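A structural walkthrough
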Amino acid sequence: MRDVVEQPDVMQAVDEAKERWARAEDAWSVIPWVLSREPTVGNPLNEGGHLRSFAYEGSWAHEMPTIWVVYEITETQIIIHKVKFTDPTGNAGRA
């Protein structure tokens, strides 16, 4: 399992998202957990596949944003370079 490192811009975006969406922190906690356990879950952005993107679909019903992440896989770390929080687009989480 690799350590997950968040760049300063990422940490700032997470803090801002927490102010906008009630459950942004819950949604964000999924990202490092998943990436540390399955780093290749995202789509490759380069030929070697070490730079990847990953989207976590939010939920209107649960007040969770959609989260877009760009990250890099190294031998010992997952480095989250960029993150974007947006309003959910679908009905994920609705019964």
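What this report covers is the structure whose coordinates are included nearby. (Residues numbered from 1 in each chain as written. Predicted model: local features only at pLDDT ≥ 70, side-chain atom pairs only at ≥ 80, totals over all residues. Heavy atoms only, no water.)

Attention shifts here to the overall build of the chain. Along the chain, the regular secondary structure elements total two helices and five strands. Order of helices (α) and strands (β) in the chain, N terminus to C terminus: β-α-α-β-β-β-β. A compact globule built from 95 residues would reach a C-alpha radius of gyration of about 12 Å, and the chain, at 13 Å, matches this within 12%. Of the contacts made within the chain by residues no fewer than 6 positions apart, 53% connect residues no fewer than 24 positions apart. Only carbon and sulfur atoms are counted for the fraction: they give 49% of the accessible area of the chain, which is about 5,900 Å². Looking at charge distribution, the chain has the averaged site of its 9 positive side-chain charges lying 4 Å from that of its 15 negative ones. (Helix = DSSP H or I, 4+ residues; strand = E, 2+ residues; numbered from the N terminus. Rg over C-alpha atoms; globule rule 2.2 N^0.38 Å. Contact = heavy atoms within 4.5 Å. Areas by Shrake-Rupley, 256 points an atom, 1.4 Å probe, with all protein chains shown as cover. Lys, Arg positive; Asp, Glu negative; His and termini not counted. Charge placed at Lys NZ, Arg CZ, Asp CG, Glu CD.)

Aromatic rings considered in pairs are described by the distance between their centres and by the relative angle of their planes. Summed over all chains, the structure comprises two aromatic pairs. Considering the side-chain rings of Trp-28 and Phe-85, the 6.0 Å spacing of their centres and the 50° angle between planes classify their relative orientation as tilted. Of the two residues, Trp-28 sits in helix 2 (residues 24–37) while Phe-85 sits in strand 5 (residues 77–86), which places them 57 residues apart along the sequence. Neither residue differs from the other here; Trp-28 and Phe-85 are each classed as buried. (Phe/Tyr/Trp six-rings, centres within 6.5 Å; stacked < 30°, edge-to-face > 60°. Buried < 20%, exposed > 50% of the residue type's maximum accessible area, 1.4 Å probe, protein only.)

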